[in-house]
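Each chain, letter by letter, is given below.
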Amino acid sequence: MSSFTGDPNFCPECGNVLPLPGRQDTVTCPRCGYCIPVVEIAAQEIKATVVFNQLEQSSIAMQDEGDSDLKGPVIDRRCSRCNKEGMVYHTRQMRSADEGQTVFFTCVHCRYQEKEDS
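These lines cover the structure that appears in this document, whether it is placed above or below. (Residues numbered from 1 in each chain as written. Predicted model: local features only at pLDDT ≥ 70, side-chain atom pairs only at ≥ 80, totals over all residues. Heavy atoms only, no water.)

A few words now on the packing of aromatic side chains. Here the distance between the centres and the angle between the planes together describe a pair of aromatic rings. All told, the structure shown has one aromatic pair when counted by the stated rule. The interplanar angle of 45 degrees and the centroid separation of 6.4 Å between the aromatic rings of Tyr-89 and Phe-105 together place this pair among those described as tilted. Of this pair, Tyr-89 sits in strand E4 (residues 85-92) while Phe-105 sits in strand E5 (residues 102-107), and the two are 16 residues apart along the sequence. Here Arg-77 stacks its cationic end above the ring of Phe-105, 3.8 Å away from the centre of that ring. (Phe/Tyr/Trp six-rings, centres within 6.5 Å; stacked < 30°, edge-to-face > 60°. Helix = DSSP H or I, 4+ residues; strand = E, 2+ residues; numbered from the N terminus. Lys NZ or Arg CZ within 6 Å of the ring centre and 35° of its normal.)

Taken in spatial order, the four strands line up as E3-E4-E5-E6 in an open sheet, and their pairing is antiparallel. Since the sheet does not close on itself, it has two edges, and those belong to strand E3 (74-78) and strand E6 (113-117), each with one partner. If you compare each strand with its neighbour and ignore which way they point, the axes differ by 40 degrees on average. Of the strand pairs in this sheet, E4 and E5 are connected by six bridges, and their pairing is antiparallel. (Pairing = 2+ DSSP bridges. Axes fitted to C-alpha atoms, helices over the stretch in contact; angles between N-to-C directions.)

Of note, Cys-110 is situated in the loop between E5 and E6. Residues in contact with Cys-110, not counting those within four places in the same chain, are Cys-79, Arg-81 and Cys-82. (Contact = heavy atoms within 4.5 Å.)

Before going further, it helps to examine the nonpolar core. Ranked by size, the top nonpolar core spans eight residues in total: Cys-11, Cys-14, Leu-18, Val-27, Cys-29, Ile-36, Val-38 and Ile-41. Filtering out sequence-adjacent residues up to four positions away, Cys-29 remains in contact with Cys-11, Cys-14, Asn-16, Leu-18 and Tyr-34. Grouped together as the second largest cluster of nonpolar side chains are five residues, Cys-79, Val-103, Phe-105 and Cys-107 included. (Core = buried A, V, L, I, M, F, W, Y, C linked by side-chain atoms within 4.5 Å. Buried < 20%, exposed > 50% of the residue type's maximum accessible area, 1.4 Å probe, protein only.)

This brings us to the pairing of E4. Sheet analysis places E3 next to E4, joined by three bridges and oriented antiparallel. Of the residues in E4, the one forming a bridge with Ile-75 is Met-87. The loop that links E3 with its antiparallel partner E4 comprises six residues; one of these, Asn-83, has a positive phi angle of about 65 degrees.

Here we come to the pattern of salt bridges. This structure, assessed with the given rule, holds three salt bridges. The partner of Arg-78 in a salt bridge is Glu-85, with the nearest N and O atoms 3.1 Å apart. When its relative accessible area of 45% is taken as the criterion, Arg-78 is described as partly exposed. Taken together, the shared-partner salt bridges in this structure form one network comprising Arg-77, Glu-114 and Glu-116. (Salt bridge = Lys/Arg side-chain N within 4 Å of Asp/Glu carboxyl O.)

Here it is in structure tokens:
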């Protein structure tokens, strides 16, 4: 009797993920060596479901919500000009690929922009 039952993508003996069928007539578990004939798993139908999380509003209200240039995540960072919390950020690769990205911050209150090289 098998130790595991259910999904045919897993070995019924040890529970390991089975490899995709190849040219052989059997699928062999790489962990325990258990063999399953390909005809047993050849006609299976695989279904997937994608669930998207609800878009949450930021805890910091933007003064001008109609302004399209301030889209992006709002973080708790203090503006060095107006000293208020809340900045929108985005990143760009400004230098070569082996160096870090540059992070651009924009204050949601006074629109002051800062950049930080990482």
